[in-house]
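The chain contents come next:
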Amino acid sequence: MNELMSNNNGFRRVLRLAVLGSAIIAIFAAAVVLAVQFSIHLANEWQQYALLPSMPPPRAEDRILVFAPHSDDETLGCGGLMALASRQGARLKVVLITNGDGYRVGVARAFGTLKITPEMCIRYAHRRQEETYAALEVLGVPRRNVIFLGYPDRGIAALWHKNWAPDELYTSRTTQMSHSPYYNSFRPNATYCGESLLADIEHIILKEKPTDIYLPHPCDNHPDHWATYCFVTAALEQPSIIRLPIKLRTYLVHRGDWPTPKGDHPNQSLAPPHALANGDTRWESLSLPAEIVAMKRTAIKKYKTQTAIDRGFLMSFARTNEIFGDLPVRKVMSVANNAITIDGNSEDWQGILPAVVDAVGDYVVAGLTKGGDVRTIYACADKRNLYVRIDFVRNLSKRLRYNIDFRSIEGPKAKYYSVVIGPSFKCNTAEIPVAYKGKTIELAVPLIKFETHRNLYIRVDTKLIKLIVDDTGWHDLEFASGSSL
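To start, this report covers the structure provided alongside it.

How each quantity is defined
- Residues numbered from 1 in each chain as written.
- Predicted model: local features only at pLDDT ≥ 70, side-chain atom pairs only at ≥ 80, totals over all residues.
- Heavy atoms only, no water.
- Helix = DSSP H or I, 4+ residues; strand = E, 2+ residues; numbered from the N terminus.
- Contact = heavy atoms within 4.5 Å.
- Salt bridge = Lys/Arg side-chain N within 4 Å of Asp/Glu carboxyl O.
- Buried < 20%, exposed > 50% of the residue type's maximum accessible area, 1.4 Å probe, protein only.
- Phe/Tyr/Trp six-rings, centres within 6.5 Å; stacked < 30°, edge-to-face > 60°.
- Lys NZ or Arg CZ within 6 Å of the ring centre and 35° of its normal.
- Expected span 1.5 Å × (residues − 1).
- Core = buried A, V, L, I, M, F, W, Y, C linked by side-chain atoms within 4.5 Å.
- 1 Å grid on protein atoms, 1.4 Å probe; cavity = no way out; pocket = protein on both sides within 12 Å on 5 of 7 lines; lining within 4 Å.
- Points joined across faces, edges and corners; volume = space filled by probe spheres on them.
- Nonpolar A, V, L, I, M, F, W, Y, C, P; charged D, E, K, R; others polar.
- Axes fitted to C-alpha atoms, helices over the stretch in contact; angles between N-to-C directions.
- Parallel < 35°, antiparallel > 145°, perpendicular 65-115°, else oblique.
- Pairing = 2+ DSSP bridges.

Looking at the secondary structure, you find S86 in helix α2 (residues 73–88). Considered as a pair, S86 and G140 are 54 residues apart in the sequence and their alpha carbons are 5.5 Å apart. Beyond its immediate chain neighbours, meaning those up to four positions away, S86 contacts L139 and G140.

Below you can see the structure in the form of structure tokens.
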């Protein structure tokens, strides 16, 4: 009996030590996460003191087209710009991709119930449309210059990824519709597929013939935002539009702990997040006179359905300036056949410049698992293959999943291709040569895999189980002459 009691006491001591050890590990892990979060916050706060090049104000002869994923994004990102453009007499139109019918928290608050119906979501969207009209009227944009496309809120990324053709329509999770239910859509009963959205955007650009287009930045964290960037830039590469001289500027709304500080600080300025400021986007600052800032503040407050939920975030954009990003052309250099060997070594990449310089250290998990934090993407092509080299901040990890996605578009047709390197470096395809070594992944994708390479996009994301470690966003590639299908 004494021996049994002694064994039980020993077991309890071991159990207590195990529990204590687990608690210490959990506390340590939480402390590390908080430290990374604080370092990102601090870097973003200090970034506002960095000087940005000044952006000239809009001119009377400008024809400006603003694309926004949801009602309020146009005012948050470009409200001051639009007020200045209107005052100058520039031609100005605003295109809303969705009506914001997928914001379940907003619908629940607006109707005072947790039991949300599709009919409520549609009524809520109409309310947001009216708020858009009211906000833009403050900024000098009349109703006739506002276009609602009526596509599904929180579904634009799905239209880009998989619901492309009319025979694979997307059904909204909130309205339960696969066609636009809005009478005032640009194209009534528009089908919920990527081909349809691309055609609508192309039609609008051709009709308006803008000199300037403002659209979300491809590294905006919200899927509807980066997908809007993809669709607009894909439309610009269509044969009917490609020769139009259009200046593109991107704006940012969602990017982790940003803007800083949060809240109503009308005398402070906006600056890009620290990591994005050190990427390859060239940021400019548009200075706003005090009366324009006041107009933007008033316009933001017209979005009562949104300020009732997150007033601090929305008012963070009413400051002394607005920031816009100019993206470089992502070049795919032409190389001789067999000039690149897929072996994980970079010696044969000498003289090839990065196509994408990614933001480093801007995700919390990336700060903990730097083997998944993308630093640069290189791309080149010969007559047969597209060669891609991805460099990471630290050595690759067997625990992570590395996804390299491609989307090509030729007219209304599109192809999606993905290379997945899973844990322990298991690749999802044996037909694509892939090599991993140190901090580098290399692969060669036959050009025949794509519908075209004239309108080709690439994205790299890494995950730890289901946690996002890094996501480069989608970037359009431009091929040099000499590489062809």
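From this point on, the discussion continues.
All told, the structure shown has 21 salt bridges when counted by the stated rule. Residue R249 pairs with D212 through a salt bridge whose shortest N-O separation is 3.3 Å. With a gap of 37 residues between them, R249 in strand β5 (residues 247–251) and D212 in strand β4 (residues 212–216) connect regions that are remote in the sequence. For the pair R249 and D212, a shared accessibility class is recorded, and that class is buried. In this structure, D326 and K247 form a salt bridge, with 3.1 Å as the shortest nitrogen-oxygen distance. Within this pair, whereas D326 is found in strand β7 (residues 321–326), its partner K247 is found in strand β5, the two being separated by 79 residues in sequence. Its relative accessible area of 24% is what places D326 among the partly exposed residues.

Let us now look at the packing of aromatic side chains. In the structure shown here, the tally under the stated rule is 15 aromatic pairs. An aromatic cluster of three or more residues is present, and its members are W160, W164, F231, Y416, Y457 and W474. One residue, R127, lies across the ring of F111, its end atom 5.3 Å from the ring centre. We note R143 situated over the ring of Y133; from NZ or CZ to the ring centre the distance is 4.1 Å.

For the rest of this paragraph, the subject is helix α7 (residues 223–236). Here α7 contains 14 residues, and its C-alpha end-to-end distance of 20 Å stays within 8% of the 20 Å for a straight helix at 1.5 Å per residue. Burial of α7 is extensive: 13 of the 14 residues sit out of reach of the surface.

With that settled, the discussion passes to the nonpolar core. One recurring pattern in soluble globular proteins: nonpolar side chains tend to sit buried together. Within the largest apolar cluster, 47 residues are counted, with the highest numbers of intra-cluster contacts made by V66, C78, M82, Y214 and F324. Broken down by element, the residue count for this core peaks at seven residues, all from α2. If near-sequence neighbours (up to four positions away) are discounted, C78 is found in contact with V66, D73, Y214, Y251, E322 and F324. In this structure, L65, F67, I205 and A235 belong to the second largest nonpolar core, which totals 38 residues.

Quick look at empty space enclosed by the protein now. According to the stated counting rule, one finds three cavities of 30 Å³ or more in the structure shown. Lining of the largest cavity is provided by 13 residues; of these, C219, L276, D280, T281 and V357 occupy positions nearest its centre. Broken down by secondary-structure element, the contributors of at least two residues to the lining of the largest cavity are α8 (274–277) and β9 (356–357). When the residues that make up the lining of the largest cavity are grouped by side-chain class, the tally is six nonpolar, four polar and three charged.

Note the cis peptide between W258 and P259, where omega equals -5°. For P259, the location among the structural elements is in the loop between β5 and α8.

With that out of the way, let us pick up the packing of helix α3 (residues 104–111) against helix α4 (residues 118–138). One can describe the packing of α3 onto α4 by two numbers: an axis separation of 10 Å at closest approach and a directional angle of 90°. Judged by the inter-axis angle, α3 sits roughly perpendicular to α4. Contacts between α3 and α4 involve G106, V107, A110 and F111 on the former and, on the latter, M120, C121, R123, Y124 and R127. Classifying every residue of the contact of α3 with α4 by side-chain character gives six nonpolar, one polar and two charged.

Before going further, it helps to spend a moment on the layout of surface pockets. Leftover empty space is mapped by rolling, across the atoms, a probe with the size of a water molecule. As a volume, the largest pocket reaches approximately 600 Å³. Going through the elements one at a time, α7, β5, β7 and β19 (475–479) are the ones with two or more residues in the lining of the largest pocket. Ranked by residues supplied to the lining of the largest pocket, first place goes to β19 with four residues.

Time to look at the environment of A50. Examined against the element boundaries, A50 turns out to sit in the loop between α1 (2–47) and β1 (63–68). C-alpha of A50 to C-alpha of P272: the two residues are 222 residues apart in sequence and 9.7 Å apart in space.

What follows deals with the pairing of strand β8 (residues 330–334). By the bridge criterion, three bridges tie β8 to β19 in an arrangement that is parallel. Within β19, the position partnered with K331 by the bridge is E478. Sheet analysis places β8 next to strand β10 (residues 374–381), joined by two bridges and oriented parallel. When the sheet's bridge partners are listed, S334 is paired in β10 with A381.

Along an α-helix, residues three or four apart share an orientation, since each turn contains 3.6 residues. With 21 residues, α4 extends 31 Å between its outermost C-alpha atoms, agreeing within 8% with the 30 Å of an ideal straight helix rising 1.5 Å per residue. Buried within α4 are the following residues: M120, C121, I122, Y124, A125, R128, Q129, E131, T132, Y133, A135 and L136. At its buried positions, α4 is contacted by α2, β2 (91–98), α3, β3 (146–151), α9 (290–301) and α10 (304–315). Trailing α4 by a residue or two, G140 shows a phi angle of about 90°, which is positive.

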